[in-house]
Structures are given as structure tokens and as C-alpha cells.
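Here is what each chain is made of, one letter per residue.
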Amino acid sequence: MKEQVSTRQMIYVLVLNRIGTIITIMSIIHMGPGNQDIWIMMILSTFYCLLFNLPFLFLSMRFSKSSIIGYMEKIFGKFIGKILGVAYGLFFMRIAILYYYIEIQMIRTTFMEELSPIIIVTVLMIVSIYIASRGFEVSVRTIEFFGPIVIGSIIFYIVLGFNNIDLTVLLPIYQDSSLASLSMGALEASLIFTDPVILSMNFPSLSNKKDAGKIIVISKIFSQLIIILMLIATQVSLGVEQARHSNFPFLTYVRLVRTYSIFERIEAVFLITWIIIVTTRVVSYLYISGKAFKEVFNKKDIKPFIYAVGIILGIIIYYISDVNPRLAYLYGRKTQEYYYYFIFNIGIPILAIITYYIRGRDFKKQERLGN
Amino acid sequence: MNNRIPKAKRNKRVIIILYLLISSTILSACEGTVGRREIEDLGIVTAIGVDYVNDEVIVTLEVVNPLASSISAQASSTKTEGQKYVYPQGRGKTIKDAISNINLYFDKKIFLSHSNILVLGEEFAKRGTIDLMDFFIRDSQPREDMYIVVAKGARASDIIGVKAGLGRPTGTYLYDTLNNFSSNGKSINISIAEKYRYYYDVSNEPVIGLVQLKEVVRSDDELKKEEQTAKVLDVAGGAVLSRDRLVGYFDGDEMMGFNFIVGDFKRGTIVFRTPVEDKDKKGTIIGADGVFTSLDIVSAKTKREITVNDGKIHLTIDVKLKAGLNEINQALDVIDEEVMTRIEKACSDKVKELISTTLEKGQKEFKQDSFSIGVTVHQQHPKLWKEIATDWNNIFPEITYDVKVETTIVKIGLMNLPANLRRK
Amino acid sequence: MAIIFLSFLAIILFIIVVKGEAMISKDIEVNKAKMKKIFKGSSDLLLYAFDTSCNTKALVAYIECLVDRNGLYNDLVKPLIKDLKSPYEILKTVPIAGAREVYDMDTITKEMLVGSAVLFVDTLDTAYLFELGKWERRSIEEPGNERVIKGPKEGFVEDISVNKGLIRRRIRNPNLVFEDYIVGTQTNTNVSLVYLADRVNSSVLDEVRERLNKINVDAILDASYIEQIIKDSPKSLIPTVGYTEKPDVAAGKILEGRIAIISDVSPMVLTIPKIFIENFQTSEDYYTIPKYATYLRTIRIFSLLMAVTLPGILVALKTYHQEMLPTSLLMSMASGREGVPFTALVEALFMLIFLEIIKESSIRTPSSIGRAVTVVSGLVLGQTAVQAGLVGPIMVIAIAASGISEYIFASLKEMIVLYRFIILLLGGTLGLFGVICGIIIIITHLVSVRSFGVPYMYPIAPYDKEGMKDFIIRSPLDKMTYLPRNISNKKERMRNE
């Protein structure tokens, strides 16, 4: 049976993915001017995000029956296509590692302080391999189920913190920062999102392919709205500078919630929400990583690849979180990170489009022969 | 359905997964790997006191003894009332060190999450706190929303353990008293996170709450022959910090002014002398100077405006008050509009005086901006601020200001004319 | 050659013998002997020989207790003795509907077993079947499991024809189809599919037919046998086949495009496909005011959450996340736990196992001493266990609340009990982290299950706007204008069409 993903489900996948990028370490508060004008920067970055989605969208619409690996092989030929496929598979694994690493750090610092990481890694890996091996349709339904709950509870936390909120922190608006620094920050901020790859890897399973543009626009705007809300709530209750000193700013914000003497010390509840977000997020990367390898090796069954990728991930995560911790990962804003994201999100697709036009005639011939 | 795995294989896989689950569960159930802590093993801390004596940090904790303080225990046996709270003390080089040293002789694991109060000893506050306070925001157990207060003229260890109120733990007692801030305006409740928020603002010096040990004479204790004194904790006032060092105090009235300036005044009572009598005009205003009237502030709104004239910064504080009449100890005809206007004006003058006194003290005595006025300058004149930001503490004592207060009486209570005035 | 010839002969002989066994003889004595042989001389086979008015001998064979004796005598035997003119006019003489001629013993045997009487007549090599079935059955009463305050109180009984009638009376529509099957190699139970031909989803119907035909068991003693065999993912704890004892509920489900399976000798009617939200719907929801029904459904969903997760979350809070408890509750819990020898996990497990024992014993005990069991278990285990210091009082409350919530969902019993244990173990070992991992896995399992092709968590995942009208919020009847997609045959369709 072919997997079918509806428009709404895909929007939830992308929205949760984007929220998950921000909710952990909120790296955007360090970007650009790094002051109270970050929210303007985020609004700007919406346009950049939409712009950066175009190359992949173009390719997906052209080759609507294949994923990234599929059309890379068609455009660049078998050999280079396979190499790119492996590269993409590793790239997805890398993202999954980064986010699981942060998740483990966060659990170890606040939630279960003395729980040994091998158990956290084992349990998390079992959960995500289980979900991913059920197929993309099931993973997406899980995300669709949790999506409204997660978004609702984030808004709930923001509402609960009302008595810590002091909106004058945001003043003066657009005085301390220049347009140049804002737009540089917006560029940075739009590079840290890797949701275009999820959409284009799973493009063949979309039940309504004409909705692709709608999916991108709605998911971007909706997630950006929630991100800006979280950002403002964090900044105005912690203060701009204190938020930047915090490792997990939104967690610190939730720790400050103290309303009606029931909703106090609720960060464990927040961590539940947050584990759901990160798990669903990692599941999608685990799945597309397995899918990339599956397509590279031309196999039918995806499960062995998911198990393999999952186990390798588990070992690597255990290694970097307990044997050889790299706390620098927490920031995820080293220059090399941007290179990776730029190459895989924008560079290669643009290259592919150029090649596609250069080899335009071949394609027409192929299409004629193929049909 | 071709890719279905044969049943036997599936079963095997299920068994392997179950085995992994169960083994990890058992593994993690072993003590040590998960850090299980049963409730009865916890020493629930309700207040933390920190002192700095002879280059050593002294931490005093208030720990609840659950057996003695539970309701059921009180109901079942009132006689065998054990010690409800114990006050273990630890010494060490840092705060974490001192707390872990407590566990060397104290049997319950110290659990800081339920503490609402952090008391800093005066010496500790004067020494500077920032280098030792990191534990409270880095560790996940102590809460950032814990109220932080300075023990005025005392050590924290003197404060913690004072039984006042209804025999509740000092932590809860102090926490509730500080929360009354919104109904008197004479104190301030600042949490650790808020303190740091002000600390990170370069232009702003934090003002945090204080606690003071006071002895009161119990006048109604007739059964005892000797006059008894009781110790209470008084939270009126505020401790003024310069960056992280204590430089002085505001008293209760000055704190009222302070709260008006920063716009944090929620509710409170303003007591002032009634307007001087003025019989001539209508003969309705009867009364003598020197008797007090109190107004209950229902809402207060502060607006601060910065104007720059020839490079000189001028601050205008505009306070709008809504008040209810609480008591008049004088025969004043409150129905008369003119009388009301006079009362309002007298109240405004009093508030003006409160504000000016506090601002004066800030400018002359502390010579630093404790009132976030720098932030206002930043917000209203961002370009000017860029030039003067680094030099702000030198500029602040020189700025000029004027205060405008406008009071509106919105309710006069159950009575119209006071009892000492007969209705015509 | 000879061997081939001999074997050929043997085959022919064999065929003759076998055929002869299955053929009806002209001699009723032979038939009598044959009947006795088929039923192995069983004592409830009654053979009654008599002379008809046209001087031929006749033999009536039937099974005691399955046949209406009055009818047999008045409508069959009496006319034959008095009015029969020739053996060829039997069907004209006897005033019984559904009488027919049969030619082989196999049919006769089958029909006799469902309550027909057979008439053999001398000189004829055919027999006549008369449907005179009547047996003792329970009268229609209110089912104990699905009591309602408002609404019809009739319930199904253990008889398939009565049950068919109960449904037909509610849907007076020629589109209502009953499709009969005989299942069970030993018991030969009648099973009937019921559906509305213009609303049923044909792919679901084909699937059900296929699965019914595949059934290969010896006995069907209750509809739940069928449920276990035909349900998707038989290992899963999740019920993907619904059941009801009330004809109004069954009729409602059929009207939504579902298929009902009635099985003889069972008062339970299966409805397929079943989706998750049906566990929260009761027939009364549709008879009361919509807002109140919505409120009740919210309570039910909350209590499902409580039933599954409360013990696990409490243990997690007590052992790992004490900062989340209110300070005063923490103190009273700590004082309650002072002196309790077990860890919180063991304490909860202990109470949970006792809860299961109490439940099991109070169901199994005779009703006369049932009350005593309840009192003893409630008082002794609840009150004194706390006083004796075996468990803390808060734990007793949590387990009791969880146990009470469980009773709301009769159909989810298995799932709740086992998942509760799993969540409790996870909560006790890994804290809220374990609890949430368990919940994620459970939800993934729930969304991956399908009931006859329909996603189990429809209409949440996959989302459907029309389906949501009868989800937590029960819309007014006139607002629910579309049939639930996925379940009925067309994508969207007006209910009042």
C-alpha cells in the first residue's frame, strides 16, 4: 500500500520541526543584533525561509515522483547521484545526532539529573526506531496527534507566564540595530531550519502535490508566529541579556512561571512537551535518513536501514554525550554549521537546477522514451 | 503483503525488544544509575540563609520535619509535638560546598526546590554577591523565582529560625509577608531572576527586598508578670545594591516613593495631614491642621518622560492615582466638591514629597540610578543614550526632575459625613 | 488390467453405497434405520410413525426441544391423518409456510438440527421439511452492561431471528440486507452480516466477507469467537471490533454505514469497523442535550487518561520530581510515607495487584456474599493498610481513582489494565521521562492500527472535519449532515438524502 500524507499532516510535521529547532537552545537570540529587535529579524527571516525553499520546491515539482536521491541520480547521473545520496543520508543523521545530543544534555541537567546517559540513549532510540519503522504514514499520524497538544501547551505556558511579562523590555523598537545587521541575522536564522529537506524527501507520498506551495507558506507563517511568541515571552520575562546567558532560555522562562500557586515549578510538564517535539523531529530525520540509504542501495524494504541508522545514531550519541562530550554542540552556531546547512539546503539544489537546464534536451528525450 | 516478516522471526524480534526493555528497566531500577529519591529521604528546605564570615560561606537552612508538622500528627497527638523545623548549618568555600557539607551530619538529602526565600546576610551582601551566587541560577534544584532579601543589620542565621506569625516556617512566613507588598507598597519582592535581569541592565542598579529583626513588646500579655518581648520579622524597606554590593537601605516610606517612581505601586495607604481649615468662604470646612487622613490607593499609573534641553536631561514623573477614602479624623464635609478637591490635592502633595525624598536620596546619597531611569532614557532617546550610556552614573545625580501627581477619589466608603459633623 | 478393473468396480460400488446412504428410500423402515444411524441413536431424536388418511404410512422425525409440539400435532399430523387424499398432495394439505420437498439426507440432517420436522411417506423417495422450530429462549430485557436512563431499553437475546427482527423493526428499509453464513465445523452456527446496501463501504464489506469465509474453527460459542478471529492485529490489546447488546446502538452504527455481525446463541452483536472514539460514545449521548453529552465525553476522556497514567505519574512524581508537588502536599505525603517500608513503586504495584484481585473476586462471587466481599476488601485493604503503614494514603487514593475510572470503559478493559502496569513500571524506573516515552509508543501503536482498513484514530489522525462533529464535541443532530468519511461508502453524503 502506498503511503499517503495529507496536506494538514505535512504542515504539522514542518511546524513541529521548526518549533523544535528553536525551543531547545533558542539560538536565534544570539543572532544579528542580539538585542530586543530579534522579533523584527524573525519576521524578516520568514521571507528568507520562503526564498530558500524555492530550489527544492522547483525540483520536487519537476520530479514529483521521486525524492531528493531520486532526482539527484537523474540529474547528475548514477555515480554522483549515489555519492550525493550518501552525503544527504549522513547529513540527516548529523541533524538527528545534534538534536538528540541536546535532548540528552537537557534531560541530564534538569529532568533526571542522575540518570545515566546509556539508559536515556537506549530508551530514546527504542522509541524513535519504533515510530520510524512503522512507516512514514504512522509517524506523521503520531505527529498529527501530538501537534495540536504541543502547540496548545506552548501557548498555555506563554499565557501562564503573564505576570512575569514586562513588555517595555522591547523598547526602543528598531533603534539599536541597523537594517543590515537585522537582515544578516535573518539570513542566519533562516539557515538553521532544515525543514525543506523533509518536505522534498517525502514529496512522493503527498496525497495532493499541488498543495506544496500552500504547505510551505502556511507552515512557515504559522511556525514563525509561534516562534516569535516564544521569543518575546522569553525576552520580556528574562530580560534580553539574561536570556542570552541561559543555556535553555525557554526552559528558564517556564521555570519562572508561578501562577495561582498551582502552576508553579511546572518545568517537568514542559519537558514532556519538549521531549515529544524533539522525538517527533528526530523521528522524521531518522526516517528520511533511512529512506535516503534505501534509495541509494535500491532496496524495497526500509526497515533494515532504519534499524541500522538508529543503532549507529545511538552509539554515536552515547559516545559524544558521555565518553567525549562536546558542549560546543549546544550552540550549533559555529560557522561550519552554516556551511553544511547552506550546501545541503540551497547549494546542491541550485546546482541541480542549473545542471537540469544545461542537460535540458536529454531530459526531454528521456521523458519521451520513458513514456 | 510480500514484505511481511515470517511469524517466527517477528516473535523473536518482539522477544528481543522486550528483553532489552526489561533489562534496561531493571538496570535503571538499581540505585545509583537513576538517582531515585524517595520522599521520606528528603530534607525539604523552606528557606535558605547565606552568610560570609571569615572567608567562609555559611549556609543556614530551614528543613521541615514532616512527622511533626503534618496535620494528622497534630490532630492525633498534640502533646508529643516534636521539633517542627530544624536548622542545619554548613560551612564551606562555596555555597554548593557548604550545602553538601550539611549532609555530612544531617541524615536527609537536602532538597532545595521548595525553598521560596533566600536571605543574604548583611556582611555577605556588602562583600558582593555575584561571584558566589552562580549556584542558584546554574543548578536545577534551587528556583530562580525564589525571593531574595537582605537581612538588615543581622546575619542570615539570625533571621532563619525566628518563629513569628502562626508558628509557620520562616520561609513560608517571609514569602507571604513579602507577597503583601502589593497591598502596602512599603516593601519590594524581587526574585533571583529579576535581580539578575536588573543586574544585566548596565544602566540600572537593583533594589531588592530586605528583612529586619524587630522586637516588639507584647502589651496584651497580662497573665505574665514580666513584660515579654517577641521577635518579628519586618520587611518594610529595600536594600540598594550597586551592581552586586549593598550600599544602603531605603526605609518603608522611601520604598513607597520608589514604587511610585518605577511604576510598581499596586495598592497601598497614603496618610497625610488634612488641608488647613478655611472657614471664611462658606463655613463648610471645619477642622484643624494636624490631624491625619488616609486614602486607599486603588490604582496608580506612572508615566516618565525625558526631555533634553541644551544637553541637559530633565525628567518628568507623572503619577495618576485613583483612591478611595479610608478614614478622616476631622470634621470634613466630604460631599462638598471643593473639600474633595482639597483632599485630593493634599494627597498629591504627600505623594510628591515621597517621590522627591526618594529621588533625592538616590541622587545625593547613593549617587546611582536605582530607578531604571537610564532605561527610560534609552527607550525615549536611543541616540542620546548611545553617547551617555557608559557615563550614566555620573550624569544621573545631575539630572533635574519635576513630579506631577494627580489624585482622583473614586469612592468615599459607607459614610458620607464623619460622625463629628452633624448633618444640616 | 485386472487390478485396474477391480479398482474401477470398487469405486463404482463405493459410489453406489455412499449415494445409497444419502438417498431417501421408499421404505420408511429403511429411512427410520438411516435416521437412527445418522444421529447415532441419540435419545432426543424422536421418530413418530402413523397412518395417513390415504392409507399410506408416514414417519415424522424431529429433534425434541427444537420443535413446536403443538404446531407439529395440529398443523402437520392432524391434517395428514384426517384430510390427506393422496401422498402427492401433502404440500397442499398441510398449512405450514416454508414447507418444501427434499431429496437427500444431508439437507435433512442440517435442517433438523436447526429445528425442522421431516416427513417421510411410504412409496415416495422424497421427504418433506416443515420449519416448526421453537425452543426456549430468554425474553427481551434490558442488558445489564449498557444501562441507560433515557432511551429504549430493549436488548438482544440469544436467538438470531429475534435479533434480526429487533434490527429490522428499527430500520424499515428494503436496503437493509442480512447475509447469512454458517460457521464452525462442529457447531454449525448461523452468522449473519447486516448492512445498509446504499451506505456500506464496499471495500470494508468485501474484507469482512473474505475474513468470514476464511474462518476455520470447530466451534462458535459466542460472538466474541468471531471477534477474535476476524479482528486486525490479533496480538494487539486494542479492540478493533465493537460490540453492543442494544438494538438501537446497532441500528445507529448500521445507519452510519457500518456492518453488524449477528451470531446465533449470542446476545452480542459485533459492529465493524470500530474506531477509537466509539469507546467514548454511548447511546444516551444522542438522546440527551448535545452540550451535556459533550461534557460527559470530556469527562470520559479525562478518566481514560487518569485510568492509564495516574499511578505511573504519581510514582514518578514521588520518586523523581518532588519539586512539582505543592509544598504542603509534599509535606503531608512525606509524613504519610514515613515508616512505609517499600519504595513508591513497590507500594503502587502492591496496591494495584490487590485492586485486580478485589475486582476479580467481586465479579466471581455469588451475589449474596458479594457485598460482604466489597466491604471487607474496601475497608480492610484501604483503611487498615494505611494505618498499618503498608502504603501511603495518597497512593490508595490514586489507585482507587484509577480503578474507578477504568469501569467507565468496558470495552477498553484489557488495554487499560496492561498499559497501566507498563506506565507504572516506566514511571517508577525512569520517572516522567519513562512515562512520556511509554505514552508516545502507545499513541504510535494506536494510530498505526486499522480496523478493516479504517484508521483507528480517525478523525483525529487522520483529521476529518466532518468526523470531528461527533468526536469530543457532540454536535446537534441537524448539524451532523455528513456521514463519517472512511466508514461509509461515499466521501461525503447528506444524512437526510
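Residues numbered from 1 in each chain as written. Chains lettered and ligands numbered in written order. Predicted model: local features only at pLDDT ≥ 70, side-chain atom pairs only at ≥ 80, totals over all residues. Heavy atoms only, no water.

Visitor: What is the right way to look at the domain arrangement of chain B in this model?
Guide: One frequent convention defines the size of an interface as the accessible area lost when the parts assemble. Residue and element names in this part refer to chain B. Taken domain by domain, chain B holds domain 1 (35-250) and domain 2 (262-424). In this complex, domain 1 contributes 17 residues to the contact, which on the side of domain 2 involves 18 residues. Overall, the association of domain 1 and domain 2 removes approximately 1,300 Å² of surface from exposure, summing both partners, and the carbon and sulfur fraction of that is 56%. Broken down residue by residue, the surface that domain 1 buries against domain 2 is led by S203, E205 and F250, which jointly contribute 40%. Where domain 1 meets domain 2, there are zero salt bridges. Among the elements of the structure, α9 (181-184), β10 (238-242) and β11 (245-250) are those that each provide at least two residues to the side of domain 1 that touches domain 2. Taken together, the residues of the side of domain 1 that touches domain 2 sort by class into seven nonpolar, eight polar and two charged. (Domains from an automatic or database assignment. Contact = heavy atoms within 4.5 Å. Buried area = accessible area lost by both parts, 1.4 Å probe. Salt bridge = Lys/Arg side-chain N within 4 Å of Asp/Glu carboxyl O. Helix = DSSP H or I, 4+ residues; strand = E, 2+ residues; numbered from the N terminus. Nonpolar A, V, L, I, M, F, W, Y, C, P; charged D, E, K, R; others polar.)

Visitor: Explanation requested: the packing of aromatic side chains in the structure shown.
Guide: Each aromatic ring pair is summarised here by two numbers: the centre-to-centre distance and the angle between the ring planes. Scanning all chains against the criterion turns up 38 aromatic pairs over all chains. On the numbers, 5.9 Å between centres and 75° between planes, the contact of F91(A) with Y341(A) is edge-to-face. Of this pair, F91(A) sits in helix α4 (residues 78-111) while Y341(A) sits in helix α14 (residues 335-358), and the two are 250 residues apart along the sequence. In this structure F91(A) comes out as buried when scored by relative accessible area, which is 3%. Pairing Y199(B) with Y200(B) gives two aromatic rings, centres 6.1 Å apart and planes at 65°, and the pair type is edge-to-face. The side chain of K195(B) reaches across the aromatic face of Y196(B), ending 5.2 Å from its centre. Lying over the aromatic face of Y198(B), R197(B) brings its terminal NZ or CZ to 5.8 Å of the ring centre. (Phe/Tyr/Trp six-rings, centres within 6.5 Å; stacked < 30°, edge-to-face > 60°. Buried < 20%, exposed > 50% of the residue type's maximum accessible area, 1.4 Å probe, protein only. Lys NZ or Arg CZ within 6 Å of the ring centre and 35° of its normal.)

Visitor: Got a minute to help me understand the pattern of salt bridges in this structure?
Guide: Side chains that differ in charge, positive against negative, can pair when their charged atoms come close. Under the counting rule described, the total for this entry stands at 46 salt bridges over all chains. A salt bridge links K220(A) to D195(A); the shortest N-O distance between them is 3.4 Å. A residue pair is termed long-range when its members are at least 10 positions apart, and K220(A) in helix α9 (residues 212-238) and D195(A) in helix α8 (residues 195-201) qualify at 25 residues. One exposure class covers both K220(A) and D195(A), and it is buried. Here R127(B) makes a salt bridge to D131(B), at a shortest N to O gap of 2.8 Å. R127(B) sits in the partly exposed class, given a relative accessible area of 32%. Assessed through its relative accessible area of 48%, D131(B) is described here as partly exposed. Connected through shared salt-bridge partners, K253(C), E256(C), R258(C) and E278(C) make up one network.

Visitor: Before we go on, may I ask you to explain the sheet that holds strand β12 (residues 268-273) of chain B in this structure?
Guide: Pairing between the strands of a sheet comes from backbone hydrogen bonds, and it takes one of two forms, parallel or antiparallel. Residue and element names in this part refer to chain B. One open sheet accounts for four strands, arranged β12-β13-β14-β15; its pairing is mixed. Each end of this open sheet is capped by a strand with a single partner; those strands are β12 and β15 (400-411). With strand direction ignored, the average angle separating the axes of adjacent strands in the sheet is 40°. Pairing geometry for β12 and strand β13 (residues 292-309), over six bridges, is antiparallel. (Pairing = 2+ DSSP bridges. Axes fitted to C-alpha atoms, helices over the stretch in contact; angles between N-to-C directions.)

Visitor: Could you clarify how one ought to interpret the pairing of β13(B) in this entry?
Guide: It is a general feature of regular strands that their side chains alternate between the two faces of the sheet. Residues and elements named next belong to chain B. Pairing between β13 and strand β14 (residues 312-328): 16 bridges, direction antiparallel. Residue pairing for β14: E305 is matched across the bridge by T316. Hairpin connection between β13 and β14: a loop of two residues separates the two successive antiparallel strands, and D310 in this loop has a positive phi of roughly 50°.

Visitor: I tried to follow the interface of chain B and chain C on my own but got confused; where do I start?
Guide: At the interface, 23 residues of chain B touch 22 residues of chain C. Counting the surface lost from both chain B and chain C, the interface buries some 2,100 Å², and carbon and sulfur atoms represent 62% of this. The interface formed by chain B and chain C includes three residue pairs in polar contact (both at pLDDT 80 or more). For the side of chain B that touches chain C, the secondary-structure elements that each account for two or more residues are α1 (7-29), β1 (42-53) and α2 (66-69) of chain B. When residues of the side of chain B that touches chain C are assigned to their parent elements, the largest contribution, four residues, is made by α1(B). Here the residues of the side of chain B that touches chain C sort into nine nonpolar, eight polar and six charged. (Polar contact = N/O pair within 3.5 Å; in protein donor to acceptor, adjacent residues only side chain to side chain.)

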